[in-house]
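# Structural overview
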Amino acid sequence: MSEFTPPDNAELIDDVFYVWETRYGLFSTATKEGRQMMTGATKDGVTKMTRWHLQCEQDGTLEQYTRVVGSSVVSGKL
């Protein structure tokens, strides 16, 4: 597996993850190890949500905030 190289315009946040503006004007985050996390409209928004997501993973509480909406099962004959 190759080492993650963040984009040139990436900013390291809390020495844990990177945030950068994409070429489409959105903002994305990824951990230092290269795991893609969030993409959103504002830098502040994706930074806050990435912090929250990582904290929930660390606490083991992420499943408390996760739910499945709808179904992707196709029934009947295609």
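Here goes a summary of the coordinates provided. (Residues numbered from 1 in each chain as written. Predicted model: local features only at pLDDT ≥ 70, side-chain atom pairs only at ≥ 80, totals over all residues. Heavy atoms only, no water.)

This part takes up the environment of Arg-23. Tracing the sequence through the fold places Arg-23 in the loop between strand 2 (17-21) and strand 3 (27-31). In this structure Arg-23 comes out as exposed when scored by relative accessible area, which is 74%. C-alpha of Arg-23 to C-alpha of Val-46: the two residues are 23 residues apart in sequence and 16 Å apart in space. Engagement of the side chain of Arg-23 in a polar contact is seen with the side chain of Tyr-24, the distance being 2.9 Å. (Helix = DSSP H or I, 4+ residues; strand = E, 2+ residues; numbered from the N terminus. Buried < 20%, exposed > 50% of the residue type's maximum accessible area, 1.4 Å probe, protein only. Polar contact = N/O pair within 3.5 Å; in protein donor to acceptor, adjacent residues only side chain to side chain.)

Take the sheet that holds strand 2 next. If you walk across this open sheet you meet the 4 strands as 1-2-3-4, and the pairing is antiparallel. Across the chains shown, the open sheet's two edge strands, defined by having one partner strand only, are strand 1 (11-13) and strand 4 (36-40). The sheet shows a mean angle of 25° between the axes of neighbouring strands, direction not considered. The strands that helix 1 (residues 43-59) touches are strand 1, strand 2, strand 3 and strand 4; relative to strand 4, the one it contacts most, it runs at about 145°. (Pairing = 2+ DSSP bridges. Axes fitted to C-alpha atoms, helices over the stretch in contact; angles between N-to-C directions. Contact = heavy atoms within 4.5 Å.)

By the element assignment, Val-16 lies in the loop between strand 1 and strand 2. Note on Val-16: relative accessible area 38%, which makes it partly exposed. Residues within four places of Val-16 in sequence aside, it is in contact with Thr-31, Lys-32 and Leu-54.

With that settled, the discussion passes to helix 1. One full turn of an α-helix is made of 3.6 residues, so residues set three or four places apart face in the same direction. With 17 residues, helix 1 ought to run about 24 Å at 1.5 Å a step, and its terminal C-alpha atoms sit 24 Å apart, in line with that. Along helix 1, the residues classified as buried are Val-46, Thr-47, Thr-50, His-53, Leu-54 and Cys-56. In the core, the buried residues of helix 1 are packed alongside strand 1, strand 2, strand 3 and strand 4. Looking at the residues trailing helix 1, positive phi occurs at Gly-60, about 80°. (Expected span 1.5 Å × (residues − 1).)

Counted under the stated rule, the structure contains 2 aromatic pairs. Where Phe-4 meets Tyr-18, the ring centres are 6.1 Å apart and the plane angle is 50°; that geometry is what we call tilted. Here Tyr-18 lies in strand 2 and Phe-4 lies in the segment before strand 1, a separation of 14 residues in the sequence. The two residues Phe-4 and Tyr-18 agree in class, both being buried. Ring plane angle 70° and centroid distance 5.1 Å describe the contact between Trp-52 and Tyr-65, whose orientation is recorded as edge-to-face. Here Trp-52, found in helix 1, pairs with Tyr-65, found in the segment after helix 1; they are 13 residues apart in sequence, far enough to count as distant. Here Trp-52 falls in the partly exposed class, since its relative accessible area comes to 33%. On the accessibility criterion, Tyr-65 (52% relative accessible area) is exposed. (Phe/Tyr/Trp six-rings, centres within 6.5 Å; stacked < 30°, edge-to-face > 60°.)

Limitation: the analysis is restricted to geometry and does not speak to function.
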